[in-house]
Number of protein chains: 2
Amino acid sequence: MAIAAIEKLIIQLCKLPGVGRKTAQRYAYFILGMDKDQTRDMAVALLDAAENVHPCPVCGMYTDLERCEICSDPRRTDELLCVVSDPKDVVAMEKTREYMGKYHVLFGSLSPMDGIGPNELHINALLERCQSGTVKEVILATDSDAKGDVTASYIAKLLRPLDITVTRIARGIPIGGNLEYIDEVTLQKALEGRQKI
Amino acid sequence: MAIAAIEKLIIQLCKLPGVGRKTAQRYAYFILGMDKDQTRDMAVALLDAAENVHPCPVCGMYTDLERCEICSDPRRTDELLCVVSDPKDVVAMEKTREYMGKYHVLFGSLSPMDGIGPNELHINALLERCQSGTVKEVILATDSDAKGDVTASYIAKLLRPLDITVTRIARGIPIGGNLEYIDEVTLQKALEGRQKI
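Residues numbered from 1 in each chain as written. Chains lettered and ligands numbered in written order. Predicted model: local features only at pLDDT ≥ 70, side-chain atom pairs only at ≥ 80, totals over all residues. Heavy atoms only, no water.

(A) Molecular detail of the overall build of chain A. Across its full length, chain A holds seven helices and six strands. Here the C-alpha atoms of chain A give a radius of gyration of 21 Å, more than 25% beyond the 16 Å that 2.2 N^0.38 yields for 197 residues. Judged by the C-alpha coordinates and their principal axes, chain A covers about 65 × 50 × 35 Å. Taking all 197 residues of chain A together, 40% fall into the buried category. Counted over contacts in chain A with a minimum sequence separation of 6, partners at least 24 positions apart contribute 47%. Approximately 11500 Å² of chain A is accessible, and the part contributed by carbon and sulfur atoms is 53%. Separation of charge centres in chain A, based on 24 positive and 28 negative side chains, amounts to 3 Å. (Helix = DSSP H or I, 4+ residues; strand = E, 2+ residues; numbered from the N terminus. Rg over C-alpha atoms; globule rule 2.2 N^0.38 Å. Buried < 20%, exposed > 50% of the residue type's maximum accessible area, 1.4 Å probe, protein only. Contact = heavy atoms within 4.5 Å. Areas by Shrake-Rupley, 256 points an atom, 1.4 Å probe, with all protein chains shown as cover. Lys, Arg positive; Asp, Glu negative; His and termini not counted. Charge placed at Lys NZ, Arg CZ, Asp CG, Glu CD.)

What follows is the structure, given as structure tokens:
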């Protein structure tokens, strides 16, 4: 019953994040039901992305240019540097339309248990950018979980000798959040981070 | 900020069933983070499946052979025909390792609202198979929802003039099911379908 080509497709689709065998099978049978042209378009989109998109050599954000649009935008200040774990976090930050500085993508979070130390991340490149003297403030926007916090603390410590303000994005109640349903750690952080009005 | 190649990839991934823009974006950025070779493997798996896999001309199940393995298996009886909506339902049925008949895939369910009538499904081919005289029983294993029920009723009516037993797979409490949590329609069907022990 196992058809090699379907089996291979399922195995490939299983690689996607959060996709188990059952979902991969669902995707595979859907793909088999598509027109050949549509499947070809999907395959071409994969190959094109792999061929034309690469991390920006300055900040690490994905781009199809030599340097990414953000790094080469003259309206954006070099004095602010926002540090994120992943290129897709840049997309999330950009959606705010508030931030007018540059970015630095670490490509992961510190996780000694998984063998991910500072050398596995783009932390040296960050240090070099900070040592150049133009950066005035580094905003640590790593995830608000254990790994993200450890990564932020590590970088904060690393940058301490430099004359740079290091900040961490605020933790607290999300907008629309109902106090009743907020977990105690978030509430505790919200209390700690309270501000005068 | 919109990079054409990434945008195209996201649009292609959005086509997958149950995948919205956010999930597609997650998949796309994951794919961008893979090695080029891995992405190529994924694209090749897509193309290979589209190239080599086609519906069996007899039953409609996907196969890379001229006729599918089930149709050409001499140990399986031609007297039993199990009718399903989708090729992946054949996979589900085969997992029981109980059924030793053949299949017929309809490629959909009747859904007049979506413009899917009998001519859009492989119902004529089913009728032809049944008229050949070898089939003794047709088991209707379409989904247990409104569309699946309508499809089953339609086929049952269509086959009535022929000398064939038409059955519908049983509806009732799933194994491990707790009466307390079973919806009333299922319970009602379970009562209706009660059997002497």
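Next comes the rest of the description.
(B) Inspection of the side chain of arginine 76 of chain A at higher detail. Topologically, arginine 76 of chain A is positioned in the loop between β2 (62–63) and β3 (80–84). Arginine 76 of chain A has contacts with Ile70, Glu94, Tyr99, Met100, Gly101, Lys102 and Tyr103 of chain A, leaving out every residue within four places of it along the chain.

(C) Here's a closer look at the sheet that holds strand β6 (residues 165–168) of chain A. Residue and element names in this part refer to chain A. Within the open sheet, the four strands sit side by side as β4-β3-β5-β6. Their pairing is parallel. A strand with exactly one partner marks an edge of an open sheet, and here the two such strands are β4 (102–105) and β6. Across the sheet, the axes of successive neighbouring strands diverge by a mean angle of 25°, strand direction being ignored. Relative to β6, strand β5 (residues 137–140) runs parallel, the two being bridged by four bridges. Note on β6: the bridge partner recorded for glutamate 137 is threonine 165. Along the sheet, helix α4 (residues 87–94) makes contact with β3 and β4, crossing β4 at roughly 155°. Sitting on the sheet, helix α6 (residues 146–159) touches β3, β5 and β6, and the angle it makes with β6 is about 170°. (Pairing = 2+ DSSP bridges. Axes fitted to C-alpha atoms, helices over the stretch in contact; angles between N-to-C directions.)

(D) Seen up close, the relation of the copies chain B and chain A. Take chain B, turn it by 180°, move it 0.0 Å along the axis, and it overlays chain A with an RMSD of 0.0 Å. One copy is carried onto the other by what is essentially a two-fold rotation axis. The rotation axis passes nearest to the C-alpha of alanine 43 of chain B in chain B, at a distance of 2.2 Å. When the interface residues of chain B are mapped onto chain A, 100% of them again fall at the interface, so both copies present the same face. (Least-squares fit on C-alpha atoms with pLDDT ≥ 70 in both.)

(E) Geometry of the packing of aromatic side chains. Throughout the structure, instances matching the rule amount to seven aromatic pairs over all chains. On the basis of an interplanar angle of 70° and a centroid distance of 6.1 Å, the ring pair of tyrosine 27 of chain A and tyrosine 27 of chain B is categorised as edge-to-face. Of this pair, tyrosine 27 of chain A sits in helix α2 (residues 21–33) while tyrosine 27 of chain B sits in helix α2 (residues 21–33), each in a different chain. Here tyrosine 27 of chain A matches tyrosine 27 of chain B in class, with each residue buried. Pairing tyrosine 62 of chain B with phenylalanine 107 of chain B gives two aromatic rings, centres 6.3 Å apart and planes at 70°, and the pair type is edge-to-face. Note that tyrosine 62 of chain B is positioned in strand β2 (residues 62–63) and phenylalanine 107 of chain B in the loop between β4 (102–105) and α5 (123–131), a separation of 45 residues in sequence. Taken together, the ring pairs connect Tyr29 of chain A together with Tyr62 and Phe107 of chain B into an aromatic cluster. (Phe/Tyr/Trp six-rings, centres within 6.5 Å; stacked < 30°, edge-to-face > 60°.)

(F) Here's a closer look at the pattern of salt bridges. Residue and element names in this part refer to chain A. Across all of its chains, the model carries 22 salt bridges over all chains by this definition. A salt bridge links arginine 40 to aspartate 37, with the shortest nitrogen-to-oxygen separation between them at 3.3 Å. Of this pair, arginine 40 and aspartate 37 are both found in helix α3 (residues 36–52), three residues apart, which corresponds to roughly one turn of the helix. Note on arginine 40: relative accessible area 38%, which makes it partly exposed. Connected through shared salt-bridge partners, Asp149, Arg168 and Arg171 make up one network. (Salt bridge = Lys/Arg side-chain N within 4 Å of Asp/Glu carboxyl O.)

(G) Summary view of the state of the cysteines. Residues and elements named next belong to chain B. Counted under the stated rule, the structure contains zero disulfides over all chains. Cysteine 68 takes part in no disulfide bond, and the closest cysteine sulfur, belonging to cysteine 59, lies 3.6 Å away. Classification of cysteine 68 by relative accessible area gives buried; the value is 3%. (Disulfide = S-S within 2.5 Å.)

(H) Highlighting the confidence of the model for chain A. Residue and element names in this part refer to chain A. Mean pLDDT over chain A: 92, with 99% of residues reaching 70 or higher. Confidence, expressed as mean pLDDT per element, reaches its minimum in chain A at helix α7 (residues 184–192) with 87 and its maximum at β4 with 96. Reported for the predicted complex are a pTM of 0.83 and an ipTM of 0.85. (pLDDT = per-residue confidence, 0-100.)

(I) Expanded view of the sheet that holds strand β6 (residues 165–168) of chain B. Residues and elements named next belong to chain B. Across the sheet, four strands lie side by side as β4-β3-β5-β6; this open sheet has parallel pairing. Lying at the two open borders of the sheet, with one neighbouring strand each, are β4 and β6. Here the average twist between neighbouring strands, direction ignored, is 25°. In the sheet, strand β3 (residues 80–84) pairs with β4 via four bridges, with the strands oriented parallel. Following the sheet pairing, leucine 81 is matched in β4 by lysine 102. Contacts between α5 and the sheet are confined to β3, β4 and β5 (137–140), with β4 contributing the most and set at about 150° to the helix.

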